[in-house]
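# An overview of the molecular structure
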Amino acid sequence: MGDKQLYLAIQEAKKHNLDFEFIAILKSEARRRVEFHKKKGGFENLEITLLKKVL
């Protein structure tokens, strides 16, 4: 699953009030990707910006 798909999955999960643990797992993955991007040192792309919005 790409970064944008992960963002969309979190948005859909919130919209449909899915299980809190499921949303937490998705957010955990998003947080991991944002941290990895920070360590890599590249400039922030749209997908990373979107993931930061849902955290």
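Residues numbered from 1 in each chain as written. Predicted model: local features only at pLDDT ≥ 70, side-chain atom pairs only at ≥ 80, totals over all residues. Heavy atoms only, no water.

### Looking at the packing of helix 1 (residues 3–15) against helix 2 (residues 20–40)
Running from N to C, helix 1 and helix 2 point in directions that differ by 150 degrees, and their axes come no closer than 10 Å. The angle between helix 1 and helix 2 falls in the class roughly antiparallel. The crossing of helix 1 and helix 2 is left-handed. Here Asp3, Leu6, Ala9, Ile10, Ala13 and Lys14 of helix 1 come into contact with helix 2, specifically with Phe22, Ile23, Leu26, Lys27, Glu29, Ala30 and Arg33. (Axes fitted to C-alpha atoms, helices over the stretch in contact; angles between N-to-C directions. Helix = DSSP H or I, 4+ residues; strand = E, 2+ residues; numbered from the N terminus. Parallel < 35°, antiparallel > 145°, perpendicular 65-115°, else oblique. Left-handed = near helix turned anticlockwise from the far one by under 90°. Contact = heavy atoms within 4.5 Å.)

### Looking at helix 1
Given a rise of 1.5 Å per residue, 13 residues ought to cover 18 Å, and the 19 Å separating the end C-alpha atoms of helix 1 matches this to within 8%. If you follow the buried residues of helix 1, they end up packed against helix 2 and helix 3 (46–54). Among the residues trailing helix 1, Asn17 stands out with phi positive, at a value near 50 degrees. (Expected span 1.5 Å × (residues − 1).)

### Overview of the pattern of salt bridges
In the structure shown here, the tally under the stated rule is five salt bridges. Residues Lys15 and Glu12 are paired through a salt bridge, measuring 3.1 Å at the closest nitrogen-oxygen approach. Taken together, the residues span about one helical turn, with Lys15 and Glu12 both in helix 1 at a distance of three residues. According to the relative accessible area criterion, Lys15 is exposed, its value standing at 57%. The residue Arg33 makes a salt bridge to Glu29 at a minimum N-O spacing of 2.8 Å. With Arg33 and Glu29 both in helix 2 and four residues apart, this pair spans about one turn of that helix. (Salt bridge = Lys/Arg side-chain N within 4 Å of Asp/Glu carboxyl O. Buried < 20%, exposed > 50% of the residue type's maximum accessible area, 1.4 Å probe, protein only.)

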